[in-house]
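Analysis of the macromolecular model
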Amino acid sequence: MSAISCTYANLRRTIVKHMKSSFTFFLTLYLACLVSCSRERPTSVAVGPGPSFSFTGSGRLASFTIYAPQTGQRIALPDSDVASAVWQMRTSKGYFNGSQVDGFHLVYGKAPSGYTVTVPSQSQPGSSLAPGLVYSFLAETTDAPITEGYFFIDGAEPIQTTIPDACLMLVNGHEARVNCTTKQPYQEPSNLEEVVRKNRVRK
């Protein structure tokens, strides 16, 4: 076999070897990603009496905020102006070091160990939640997507619900309430309790 043939054969073996190594590397990386992604479970919150909040998921709870409707409104949208927050707590261990959400249980107005109440401030008294209104919550988690939701206070116990077509979006640089479908200003339903019960989140 000539020197040129030997060189070509060696080059071919080297290329094939590297192709096999690259395939093995990318296959391993892909499988590792699949395993990692399969371990991540979105945060889920179930609202109970109190109101109380029971969590499941794979993340860690960084903060939890409850929003009240603004003046003249009966529905609070999640992640709205911080001025409408009636209660908020944050982890005191560092943003990425909150408690595991799976099995975590929280009662309104009571911060568990490892958390600090930031709203209301120490100079402000805590407020009770008024009946006949829809409040929203926002659970900010790390290592898993955040979650948000709604609950209605009917005087007996909170009713976890969804609010169809209610969205927040930036309009002229400001957050505005709009209809998710039409993008027109959001109009609250005339019979709020009927909408709440129709869209109740079943436990």
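All of these numbers come straight from a predicted model, not from anything done at the bench.

Definitions and cut-offs
Residues numbered from 1 in each chain as written. Predicted model: local features only at pLDDT ≥ 70, side-chain atom pairs only at ≥ 80, totals over all residues. Heavy atoms only, no water. Pairing = 2+ DSSP bridges. Helix = DSSP H or I, 4+ residues; strand = E, 2+ residues; numbered from the N terminus. Axes fitted to C-alpha atoms, helices over the stretch in contact; angles between N-to-C directions. Contact = heavy atoms within 4.5 Å. Buried < 20%, exposed > 50% of the residue type's maximum accessible area, 1.4 Å probe, protein only. Disulfide = S-S within 2.5 Å. Phe/Tyr/Trp six-rings, centres within 6.5 Å; stacked < 30°, edge-to-face > 60°.

Quick look at the sheet that holds strand β3 (residues 60-67) now. Here we have 6 strands laid out as an open sheet, ordered β6-β4-β3-β7-β8-β9, and antiparallel in their pairing. Of all the strands in the sheet, the pair left with one neighbour each is β6 (115-119) and β9 (158-161). On average, each strand axis in the sheet is inclined to that of its neighbour by 25 degrees, with strand direction left out of account. Examined bridge by bridge, β3 and strand β4 (residues 85-91) share 5 bridges and lie antiparallel to one another. Pairing of Phe-64 across the sheet is with Met-89, part of β4.

Glancing now at the side chain of Ser-84. By the element assignment, Ser-84 lies in the loop between β3 and β4. What Ser-84 contacts, discounting residues up to four positions off in sequence, is Ile-66, Tyr-67, Ala-68 and Gln-70.

Once that is clear, we can look at the environment of Ala-139. By secondary structure assignment, the location of Ala-139 is in strand β7 (residues 134-142). Exposure remark for Ala-139: the relative accessible area of 0% places this residue in the buried category. In sequence terms Ala-139 and Leu-61 are 78 residues apart; their C-alpha atoms lie 7.0 Å from each other. With near-sequence residues (within four places) excluded, Ala-139 lies in contact with Val-45, Phe-55, Leu-61, Ser-63, Phe-64, Ile-146 and Thr-147.

This next bit is on the state of the cysteines. Note: disulfide means a covalent bond formed between the sulfur atoms of two cysteine side chains. The final tally for this structure, using the stated rule, is 1 disulfide. Between the sulfur atoms of Cys-167 and its disulfide mate Cys-180 the distance is 1.8 Å. The sign of the 100 degrees torsion about the S-S bond sets the Cys-167-Cys-180 disulfide as right-handed. Of this pair, Cys-167 sits in strand β10 (residues 166-171) while Cys-180 sits in the loop between β11 (174-179) and α2 (192-198), and the two are 13 residues apart along the sequence.

Further remarks concern the sheet that holds strand β2 (residues 52-56). Pairing in this open sheet of 3 strands is antiparallel, and the strands run β1-β2-β5 from one edge to the other. A strand with exactly one partner marks an edge of an open sheet, and here the two such strands are β1 (44-48) and β5 (105-107). Within the sheet, the average angular offset between the axes of one strand and its neighbour, ignoring direction, is 20 degrees. Direction of pairing for β1 relative to β2: antiparallel, over a ladder of 5 bridges. Paired with Val-47 across the two strands is Phe-53, which belongs to β2.

Let us now look at the packing of aromatic side chains. Scanning the model with the defined rule gives 10 aromatic pairs in all. Taken together, a centroid distance of 5.7 Å and an interplanar angle of 75 degrees make the contact between Phe-55 and Phe-64 edge-to-face. Residue classification places Phe-55 among the buried positions, given a relative accessible area of 2%. Judged by its relative accessible area of 0%, Phe-64 falls in the buried class. Consider the rings of Tyr-135 and Phe-151, whose centres lie 5.8 Å apart with planes at 20 degrees: the pair is stacked.

These results come straight from atomic positions and should not be treated as a statement about function.
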